[in-house]
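Here is what each chain is made of, one letter per residue.
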Amino acid sequence: MTSSGTNSGADPHLPSAESLSPAWELLLPAAAPARGRGRALRSALREAVRSGRLAGGTRLPSSRELAADLGVSRGLVTEAYEQLTAESYLRSGRGAGTWVSEGVRAAERPVRDRAPGAEGARVDFRPGTPDLSLFPRSAWAAAQRTVFGRLPHGALGYPDPRGLPELREALAGLLARRRGVVADPERLVVCSGVAQATTLLGFVLRDEGVVSVGVEDPGSPEHSSLFAATGLGTVPLPLDDEGLALAPLERSGVRAVVTTPAHQFPTGIGYSARRRGELLGWARDADAVIMEDDYDGDFRYDRAPVGALQGLDPERVVYTGSVSKSLAPGLRLGWLVAPAALTERIVARKRTMDLGNPVLDQAVLADFIVRGGYDRQLRRCQRAYRERRDAMVAALGEHFPGTAVSGIAAGLHIIARLPTRYGPEDVFLERAAGAGIALRLLSDCGTDGSGDGGLPLVLGYAHLAPGDIARGVAALAEAWRTGRTGSG
Ligand SMILES: Cc1ncc(COP(=O)(O)O)c(C=O)c1O
């Protein structure tokens, strides 16, 4: 990665404290097909507000001006403004004019809490959490005792900011064996989850002059928020059936992109072998870097194993992962494996950020991996999650006939596209919330996907027992029926 040609004070992507100076024409992804433009604009506006790229209080151009900038009809812009005003992302002023609402940035209003009544929900189908009751307490406690017994006093000093050597060795072996990662312990940095790996990389890229990073659309809203916190903008890039679509990526001009190739979040697509090759070809031609977020790559059920993208070109890919799905997100333990050209700068950032992760936690995880506890945990979770996935698919088939499910071969969540009769989505959400059921919509993750028909939901199942899944889906169907009767 070199820094040529991406930064200048005048670059419209570059957020600054005084003014976000938005480049309005960039709101509409160049790749948006003519018939999906309204949807693409709405979702780009939502993403820009959530990520902070459009700050609260920013005045939007008039619908006439924006339509002219984007080369679309004025009605399409008016419709987008009205829809986002209804969703409270925008507000209209007393006279003419539309402003970005204050207080809707992702950091202050996380998407995962957007569903009405999500706090204290009776059933929570939102994705992101494994079953915390499967945390291996006794094996972990045994590892803690072992570590306390053998750690010399000297080991309690400031750690190597890369991480404890024994943990880096253990992780390098684990990642090579399980994920096909080319993992040199010298290039492995222990950090506080994929979240911190993203932030570290964001700062390093920004220092190199990169101003914006491509992100999958739909994708994880966290990527945009985390990069925004490092001063980087994000460019939403569409997917096709094989992964990140290549032509829009090439046209976008970005020099860095984030991908979730093992099990795309949220659609569940596994990137095809061809697309992996094309993506790496693009990175070499554009002298770009790819961040691989392998957030749930450990869990697959009925498909052949797919190794990490990083294994195909370790000098172009920053591989990231964590124990957030395999053990517990509260441990805040993760890792990245960096290309040689970036490693020292990432380590330097890690040092200035927090002087390294806690020594004891690292030593315990190393012991847990070396003694086989980590593999046992993965096998146990894999069995449980497969059963839950099957329970979810069966319950949807029973209570929501006609639902199309996808992304089911791996991971901890599925996409369920309910038939159109269950829409519109805000009415469906409201009825679910009324029954104490928290949901995540695909539209919370960028492009809403409703252009493909139906009402697409992102349903997490791993944290729920099979019986709870069956009861929860039945309760959701009941809430829908009762609401419909109630509203006549
Ligand atoms: C796409 C994606 N990446 C990464 C993570 C995990 O982040 P961390 O490892 O910081 O807990 C999540 C958590 O839900 C996620 O959805």
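Here's a quick rundown of the structure. Not measured: the values here are computed from a predicted model.

This paragraph deals with the overall build of the chain. Helix and strand counts for the chain stand at 14 helices and 16 strands. A burial count over the chain gives 57% of its 488 residues as buried. Summarising the internal contacts of the chain: among those between residues at least 6 apart in sequence, 74% fall at separations of at least 24. Split by element, the accessible area of the chain, about 19900 Å² in all, is 52% carbon and sulfur.

Turning to its location among the elements, Ile290 is positioned in strand β9 (residues 289-293). Using a relative accessible area of 0% as the deciding quantity, one classes Ile290 as buried. Taking the C-alpha atoms as reference points, Ile290 and Gly214, separated by 76 residues in sequence, lie 9.4 Å from one another. In contact with Ile290, other than residues within four places in its own chain, are Val257, Thr259, Leu279, Leu280, Trp282, Ala283, Leu309, Arg316, Val317 and Val318.

In this structure, Tyr374, Tyr385, Phe428 and Leu439 are the most contacted members of the largest nonpolar core, which totals 69 residues. Of the residues forming this core, the biggest block, 9 residues, is contributed by helix α12 (residues 373-399). Residues from two domains meet in this core; each of domain 2 (123-129 + 378-482) and domain 3 (137-371) gives at least three. Residues Leu200, Val289, Leu336 and Ile346 belong to the second largest nonpolar core, which totals 22 residues.

It is worth spelling out the site of the ligand at this point. Contacts to the ligand come from Gly128, Gly193, Val194, Ala195, Ser220, Phe265, Asp293, Tyr295, Ser322, Ser324, Lys325 and Arg332. In this structure, an oxygen atom belonging to the ligand sits 2.8 Å away from a main-chain N or O atom of Ala195. Interatomic distance of 2.9 Å between a side-chain N/O atom of Arg332 and an oxygen atom of the ligand. Protein chains shield 86% of the accessible area of the ligand, which is 390 Å² for the free molecule. With 3 residues, the top contributor of residues to the shell around the ligand is helix α6 (residues 193-207).

Before going further, it helps to examine a positive patch on the surface. A cluster of like positive charges, contributed by Arg376, Arg379, Arg380 and Arg383, occupies part of the molecular surface. Tracing the backbone shows Arg376 in helix α12. Taking relative accessible area as the criterion, Arg376 reaches 48% and is therefore assigned partly exposed.

Before going further, it helps to examine the packing of aromatic side chains. Evaluated as defined, the whole model comprises 9 aromatic pairs. Consider the rings of Phe400 and Phe428, whose centres lie 6.3 Å apart with planes at 65 degrees: the pair is edge-to-face. Placement of the pair is Phe400 in the loop between α12 and β12 (404-406) and Phe428 in helix α13 (residues 425-434), with a sequence separation of 28 residues. Within the aromatic cluster, the residues linked to one another by ring pairs are Phe400, Tyr422, Phe428 and Trp480. The lysine or arginine in question, Arg431, covers the ring of Trp480, its NZ or CZ lying 4.3 Å from the ring centre.

The contact between helix α5 (residues 165-179) and helix α11 (residues 359-370) brings their axes to 8 Å, and the two run at 40 degrees. Classified by the interaxial angle, the pair formed by α5 and α11 is oblique. Seen along the crossing, α5 lies across α11 with a hand that is left-handed. From α5, Glu166, Leu167, Ala170, Leu171 and Leu174 reach across to α11, where they touch Gln362, Ala363, Leu365, Ala366, Ile369 and Val370. Taken together, the residues of the contact of α5 with α11 sort by class into 9 nonpolar, 1 polar and 1 charged.

It is at 4 Å that the axes of α11 and α12 come closest, and there the two elements cross at 75 degrees. What the angle tells us is that α11 and α12 run roughly perpendicular. Residues Leu365, Phe368 and Ile369 of α11 form the contact with α12, whose own contacting residues are Gly373, Tyr374 and Gln377. A class-by-class count of the residues in the contact of α11 with α12 yields 4 nonpolar, 2 polar and no charged.

Now for helix α7 (residues 221-229). Looking only at α7, the buried set comprises Pro221, His223, Ser224, Ser225, Leu226 and Phe227. Within two residues after α7, Gly231 carries a phi angle of roughly 90 degrees, on the positive side.

A side chain with one charge may pair with a side chain of the opposite charge, provided their charged atoms come close. The final tally for this structure, using the stated rule, is 27 salt bridges. In this structure, the salt-bridge partner of Arg471 is Asp468, at a minimum N-O distance of 3.0 Å. Of the two residues, Arg471 and Asp468 are both situated in helix α14 (residues 466-486); the distance of 3 residues between them amounts to about one turn of the helix. Through salt bridges with shared partners, a single ionic network connects Asp240, Glu242, Arg274, Arg275 and Glu278.

Attention shifts here to unusual backbone geometry. Note that the residue after Asp217, namely Pro218, is joined by a cis bond; omega there is 5 degrees. For Pro218, the location among the structural elements is in the loop between β5 (212-217) and α7. Residues Phe265 and Pro266 are joined by a peptide bond in cis, for which omega reads 5 degrees. Unlike most non-glycine residues, Asp287 shows phi in positive territory, near 50 degrees. Residue position: Asp287 is located in the loop between α9 (273-286) and β9. Unlike most non-glycine residues, Leu355 shows phi in positive territory, near 60 degrees.

Turning our attention to the environment of Asp294. Mapped onto the elements of the fold, Asp294 is located in the loop between β9 and β10 (317-322). With relative accessibility at 7%, the residue Asp294 sits in the buried group. The sequence separation of Asp294 and Thr260 amounts to 34 residues, and the corresponding C-alpha distance is 6.0 Å. In contact with Asp294, not counting residues within four places along its chain, are Arg179, Ala262, Tyr319, Thr320 and Gly321. Polar contacts involving the side chain of Asp294 include one to the side chain of Tyr319, which spans 2.5 Å.

What counts and how
- Residues numbered from 1 in each chain as written.
- Predicted model: local features only at pLDDT ≥ 70, side-chain atom pairs only at ≥ 80, totals over all residues.
- Heavy atoms only, no water.
- Helix = DSSP H or I, 4+ residues; strand = E, 2+ residues; numbered from the N terminus.
- Buried < 20%, exposed > 50% of the residue type's maximum accessible area, 1.4 Å probe, protein only.
- Contact = heavy atoms within 4.5 Å.
- Areas by Shrake-Rupley, 256 points an atom, 1.4 Å probe, with all protein chains shown as cover.
- Core = buried A, V, L, I, M, F, W, Y, C linked by side-chain atoms within 4.5 Å.
- Domains from an automatic or database assignment.
- Near = heavy atom within 4 Å.
- Polar contact = N/O pair within 3.5 Å; in protein donor to acceptor, adjacent residues only side chain to side chain.
- Patch = residues over 30% accessible without salt bridge, like charges linked within 9 Å, V, L, I, M, F, W, Y side chains within 5 Å.
- Salt bridge = Lys/Arg side-chain N within 4 Å of Asp/Glu carboxyl O.
- Lys, Arg positive; Asp, Glu negative; His and termini not counted.
- Charge placed at Lys NZ, Arg CZ, Asp CG, Glu CD.
- Phe/Tyr/Trp six-rings, centres within 6.5 Å; stacked < 30°, edge-to-face > 60°.
- Lys NZ or Arg CZ within 6 Å of the ring centre and 35° of its normal.
- Axes fitted to C-alpha atoms, helices over the stretch in contact; angles between N-to-C directions.
- Parallel < 35°, antiparallel > 145°, perpendicular 65-115°, else oblique.
- Left-handed = near helix turned anticlockwise from the far one by under 90°.
- Nonpolar A, V, L, I, M, F, W, Y, C, P; charged D, E, K, R; others polar.

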